[in-house]
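Okay, here's what each chain looks like letter by letter:
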Amino acid sequence: MKYAFFQGCNIPIRIQQYATSTEAVLNKFGIELIEVPDFNCCGYPARNVDEKAYLLPSVRNMAIAEKMGRDILVICNCCFASLQKAKNTLTKDSKLKDELNSFLVKEGLQYKGCVQIKHYLTVLYEEIGTEQIRKQLVNRFKDLNISVIHGCHILRPREITTFDDSFVPKITEELLDTTGVTSLDWRGKLECCGAALAGINDELSRKLLKEKITGAQTAGADFITPICSYCHLQFDTTQRNLDGDKSSDKLLPVLLYPQLLGLCLGIDEQRLGIEQNSTINADDVQRIKSLLGPPVEEKKKRKKKAATAA
Amino acid sequence: MNFNILLGLSVIVCLIGLFFRLSIWFSQGIRPSTPSHKSNLNVGSRMSAAIQGVFGVIFSSRILLVLKSIFVDLLFQKRIFDKSSLRWTAHTLIFVGFVLLFFMHALGTTVSDSLFNDYQPTLNPFLFLRNLFGVMVLAGVGIAVFRRISLKPQRMKTYATDWAALVFVGVIILSGMLLEGSKISSFSIYEDMVEEYASLDEEEARALEAFWVQENGVVSPNAAKPFDAELIEQGREVNSDSCIDCHASNRAAFASFAMAKITRPFSAVLGDSASVTLFWYLHILACLSFLAWLPFSKMFHILAAPVSLIIKRVTGDELKEPANVLNSQMIGLSACTHCGSCSIECSSGMFYETFQNDFILPSEKVQYLKKFAANKEHDPAIIKRMQQGLYVCTSCDRCTTVCPSGINLKELFVSSRYSLLDAGDPETTMLSHFSFPLALAQNFVDDHVKALKKVTDLFKNNFQHLTDLTSPITLGKSTTVVNNSYKGCFSCQRCTNICPVVRSYEDPTEALGLLPHQIMFSLGIGNVDLAMGAQMIWSCSTCYLCQEHCPNQVELCDIFYSLKNDAINKIEAGGSS
């Protein structure tokens, strides 16, 4: 299976490791990602300013993918939501579809509406499946506590994103479970990282971020796993800029999901770009690797546990 | 004589131009004027910083990077090669062809004479190469013209000056070929050559003439085709004895030989020596005016782009010395060829389409910034559009990555963004997620806060607030909100109770103006203005929790988005005073 790989604006310049680790993981399961230099911004940044300005860029991206004859695979939650929103809006509003298409026709593009937008987690969960993933594991984590932050725009509004149950999301949780990590219950799991307010109301933005950092740390998280690239930048970059919190040992380090899964699949940590996460140091990497064990043993133990419990 | 005067004049104009352009490198610059950025960076200190920088590189291992840059970036032009093989082909054809013609032909008496002891412009390979190089340049110009036309739909902007540069180069080459063509067919030139280099009897002269008419394209008033084959053979022999040592066959000058067809009618009307003089003037004037025009045009990139590329290779866009940051800004601006690569790849391309603002495209910003740096732009309407163009940027840095001249566009745009915001009107697009990467990068933090305050004040002053109301709130007449799901609100306050933003304040009403359910309520009574004036909409984290939890499907977060759009529209429509 091949997908048009939509990376958005942040990932190629600020979080390359998210793209490389996702690609490395998906390649393991025979899924190929095609880079499309022609893709532009998803439109999200303009959403506060103008609805059409927000929708048009996504419509163009979808038209490009349609021309290629490929569905789109997205990493960033906000890009994902923008593409889904544009698709959803134009399905309901054919007049607007014609209007926005009139911008594209100049470049020989046309949006028809047949392209599918898929988050990489959906592809992992539905197309590959946790069973298949488990079969290919060469390692599994033991005693690693993770706080996942799902990110708002992948879950809500559920009618648009149609990703998962927006109140009790299971896709991400089950995918995390394959790696053997403990995904903690913590306040903030389904809440806002503050990214949408950065640069507009920094005080509030940082307050929301700090709340999440403390929430995850209080719950006993060793690492935080942000799904959205905006959340990632909040935790991996803004966290280091937070006032009074400059000593690196107090930082809540970030590990991305494909990095966790990639280690379990035996992919080299260099390729997963783990050290490119700016909140992680060499000790962290050693610690993570020391928590990796063979996947089969773990299963046996489970069975034993189940047997003794019974 | 005439030539020397013209040459002297064009060299003087060129030198004056070069002095003028080079002085800009050390005198102009773009950065906000707030006190924290103020320092005395006069021309002297700027130049000494540059010299120190250059010496610092020369006497260190980084000199190797300079050498690498000369081969990889300047001669091979890897940055163009990486992005488009068609562009690279076009540029290489023009660059190689023109440079070689310049040294081999234009400076023939100095360069070629000293390199090759048997150099004769009328001998091969020179005769042939001149044509080959000329055709290379013309082919390159052809591709460049095609590129500019075919990429127009991809937001490629072409100005008269861009066409002028291509036309100039094309005219220089074509006029050269026409000149050579007119010389080829000129009988008087043929006669002069015979007189000077050969001593022939009448029969030999007749045979040679027939041969040159037949084989070398000379147009003779006496001899006309068809010729007797024997006569031609005899002429070929005379040619081998008397001519061939200094003059190869004109057919080797394949392009000019073909051009002779065009020049013949001119010769027929004007006489051949007048025709040669005409094309000589055309060619010389084209070359000399190009020389004079060069420093004042984008062709200055011949000088500036190499400097810019070396700086990029050596410093990796990480300059610490403030004086050198400004120097490199100005070198960068002068190295722009308006090739449009940045705009074609610009991630904000679609915003250009909807906002209808040229300045959203990086290549257009650069043209403006040249004026801005020179303090020559005072039209407030243009400045306002430029400010928007600078802000409607996703900070994806593609422009900086793609620029074939290696201009640090990112730095230029960040500095000019805050420089304009500092002096300009409040910029409403600041209240968008375009601000996110700026907050992340932490450049010009104080300037950002200051400019942001201007915008938030603007909104505070332009909308009514609950606390300002003295008379009782009454039902409004109509509403302009498209999303009418607010009608389903029955004030259960679930939205307000779940809102992480409301939760963040001790006194949320004071901080946010209206709480989410109150905004729905004001829409319900038709008071959209009150809703638009609520700080809540700008403090909304867009997490959609309210909307998701609403028991009656009120699309609060979406309504907030449209209120924000409408509020910005209203402000922009009313002027930003």
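Conventions adopted
- Within each chain, residue numbers correspond to sequence positions counted from 1 in written order.
- To label them, take the chains in the order written and letter them from A, then take the ligands in the order written and number them from 1.
- Whole-chain, interface and lining totals are the exception, using all residues; otherwise, since this is a predicted model, local features are given only for residues with pLDDT of at least 70 and side-chain atom pairs are given and counted only at 80 or more.
- Each helix is a run of DSSP H or I of at least 4 residues and each strand a run of E of at least 2, with the numbering of both proceeding from the N terminus.
- Computation of the radius of gyration draws on C-alpha atoms, with the globule rule given as 2.2 Å multiplied by the number of residues to the power 0.38.
- Using C-beta atoms placed from the backbone, we call a residue buried if 20 or more other C-beta atoms fall within 10 Å of its own, exposed if 12 or fewer do, and partly exposed for counts in between.
- For every residue pair, C-beta atoms are placed from the backbone, and the pair is scored as a contact if these atoms sit within 7 Å.
- Any two strands are treated as partners once DSSP identifies two or more bridges connecting them.
- To count as a nonpolar core, a set of buried Ala, Val, Leu, Ile, Met, Phe, Trp, Tyr and Cys residues must be joined through C-beta atoms within 7 Å.
- Angular values range over 0 to 180 degrees, each being the angle between N-to-C directions of two axes fitted as lines to C-alpha atoms, with helices fitted over their stretch in contact.
- Our angle categories are set so that under 35 degrees counts as roughly parallel, over 145 as roughly antiparallel, 65 to 115 as roughly perpendicular, and the remainder as oblique.
- Residue classes follow a fixed rule: Ala, Val, Leu, Ile, Met, Phe, Trp, Tyr, Cys and Pro count as nonpolar, while Asp, Glu, Lys and Arg count as charged, and any other residue, Gly among them, counts as polar.
- As annotated, the domain borders come from an automatic or database domain assignment.

A. Geometry of the overall build of chain A. Counting secondary structure elements, chain A contains 16 helices and nine strands. Compactness check: chain A gives a C-alpha radius of gyration of 20 Å against a globular reference of 19 Å for 310 residues, within 12% of the reference. For chain A, the spread of C-alpha atoms along the three principal axes comes to 65 × 45 × 35 Å. Taken over 310 residues, chain A has a buried fraction of 54%. For chain A, restricting intrachain contacts to residue pairs at least 6 apart in sequence, the fraction spanning at least 24 positions comes to 78%.

B. Quick look at the sheet that holds strand 7 (residues 182–183) of chain A. The strand order across the open sheet formed by three strands is 7-6-8 (chain A), and the pairing between neighbours is parallel. Both edges of this open sheet fall to strand 7 and strand 8 (223–226) of chain A, since each of them pairs with a single strand only.

C. Molecular detail of the nonpolar core. Membership of the largest hydrophobic core comes to 199 residues, with the highest contact counts inside it found for Val59(A), Ile72(A) and Val74(A). Contact partners of Val74(A), with chain neighbours within four places excluded, come to Phe6(A), Cys79(A), Phe80(A), Leu83(A), Ile117(A), Lys118(A) and His119(A). In this structure, Val169(B), Leu178(B), Val276(B) and Cys287(B) belong to the second largest nonpolar core, which totals 32 residues.

D. Expanded view of the packing of helix 1 (residues 2–27) of chain B against helix 13 (residues 272–293) of chain B. Residue and element names in this part refer to chain B. Between helix 1 and helix 13, the least distance of the axes is 7 Å, while the angle of their chain directions is 20°. Classified by the angle between their axes, helix 1 and helix 13 sit roughly parallel to one another. Of the residues in helix 13, those touching helix 1 at Phe3, Leu6, Leu7, Ser10, Val11, Val13 and Cys14 are Ile284, Leu288, Ser289, Leu291 and Ala292. Its residues placed into classes, the contact of helix 1 with helix 13 shows 10 nonpolar, two polar and no charged.

E. Representation of the interface of chain B and chain A in the model. The partner chain A presents 43 residues to the 40 residues of chain B that form the contact. If you list the elements that add at least two residues to the side of chain B that touches chain A, you get helix 17 (349–355), helix 22 (435–441), helix 25 (500–503), helix 29 (535–539), helix 30 (545–549) and helix 31 (556–573) of chain B. Among the elements that make up the side of chain B that touches chain A, the one with the highest residue count is helix 17 of chain B (six residues). Considered class by class, the residues forming the side of chain B that touches chain A number 18 nonpolar, 18 polar and four charged.

F. Representation of the sheet that holds strand 3 (residues 72–74) of chain A within the structure. Residue and element names in this part refer to chain A. Across the sheet, four strands lie side by side as 2-1-3-4; this open sheet has parallel pairing. Edge positions in the open sheet fall to strand 2 (32–35) and strand 4 (117–119), since each of these has one partner strand only. When the angles between neighbouring strand axes are averaged without regard to direction, this sheet yields 40°. The pairing of strand 1 (residues 2–6) with strand 2 spans four bridges and is parallel. Residue Lys2 lies in a different strand from strand 2, and its bridge partner there is Glu32.

G. Focus on the environment of Ile72(A). Residue and element names in this part refer to chain A. Here Ile72 is to be found in strand 3. For Ile72, a count of 26 C-beta atoms within 10 Å translates into the label buried. Put simply, Ile72 and Tyr120 are 48 residues apart on the chain and 9.5 Å apart in space, counted from C-alpha to C-alpha. Contact partners of Ile72, with chain neighbours within four places excluded, come to Tyr3, Ala4, Phe6, Met62, Ala65, Leu83, Val115, Ile117 and Lys118.

H. Looking closely at the domain arrangement of chain A. All names here are of chain A. Domains assigned within chain A are domain 1 (2–120) and domain 2 (135–296). For domain 1 and domain 2, the distance between their C-alpha centres works out to 24 Å. The partner domain 2 presents 25 residues to the 24 residues of domain 1 that form the contact. If you list the elements that add at least two residues to the side of domain 1 that touches domain 2, you get helix 1 (10–14), helix 2 (16–28) and helix 4 (77–92). Per-element accounting of the side of domain 1 that touches domain 2 gives the leading share, nine residues, to helix 2.

I. Representation of the domain arrangement of chain B within the structure. All names here are of chain B. As far as domains go, chain B holds domain 1 (347–461) and domain 2 (466–573). Between domain 1 and domain 2, the C-alpha centre-to-centre distance is 30 Å. On the side of domain 2, five residues touch domain 1, which itself brings four residues to the contact. Of the residues that constitute the side of domain 1 that touches domain 2, the class distribution is three nonpolar, one polar and no charged.

J. Spotlight on the environment of Leu179(B). Residue and element names in this part refer to chain B. In this fold, Leu179 is placed in helix 8 (residues 160–185). C-alpha of Leu179 to C-alpha of Ile284: the two residues are 105 residues apart in sequence and 9.9 Å apart in space. In this view, Leu179 contacts Phe279, Trp280 and His283; residues no more than four positions away in its chain are not counted.

K. Spatial organisation of the pairing of strand 1 of chain A. Residues and elements named next belong to chain A. For strand 1, the tally of buried residues reaches four of five residues, placing the bulk of the element in the interior. With three bridges joining them, strand 1 and strand 3 adopt parallel strand pairing. Within strand 3, the position partnered with Phe5 by the bridge is Leu73.

L. Spotlight on the packing of helix 10 (residues 202–216) of chain B against helix 11 (residues 229–242) of chain B. Residue and element names in this part refer to chain B. Look at helix 10 against helix 11: their axes get within 7 Å of each other, and the N-to-C directions meet at 95°. In terms of orientation, helix 10 and helix 11 fall into the roughly perpendicular class. The segment helix 10 lies against helix 11, with Glu204, Ala207, Leu208, Ala210, Phe211 and Gln214 engaging Leu231, Ile232, Gln234, Gly235, Arg236, Val238 and Asn239. Looking at the contact of helix 10 with helix 11 residue by residue, the class counts come to seven nonpolar, four polar and two charged.

M. View of unusual backbone geometry. For the bond running from Arg156(A) to Pro157(A), omega is -10°, close enough to zero to count as cis. Here Pro157(A) shows up in the loop between helix 8 (152–155) and helix 9 (158–161). Geometrically, the link from Asn124(B) to Pro125(B) is a cis peptide bond, its omega value of 5° lying close to zero. Tracing the backbone through its elements, the reader meets Pro125(B) in the loop between helix 6 (111–115) and helix 7 (126–150). Its identity as a non-glycine residue notwithstanding, Gln77(B) has a phi of 55°, on the positive side. Within the element layout of this structure, Gln77(B) appears in the loop between helix 3 (63–75) and helix 4 (78–83). For Gln77(B), a count of 18 C-beta atoms within 10 Å puts it in the partly exposed group.

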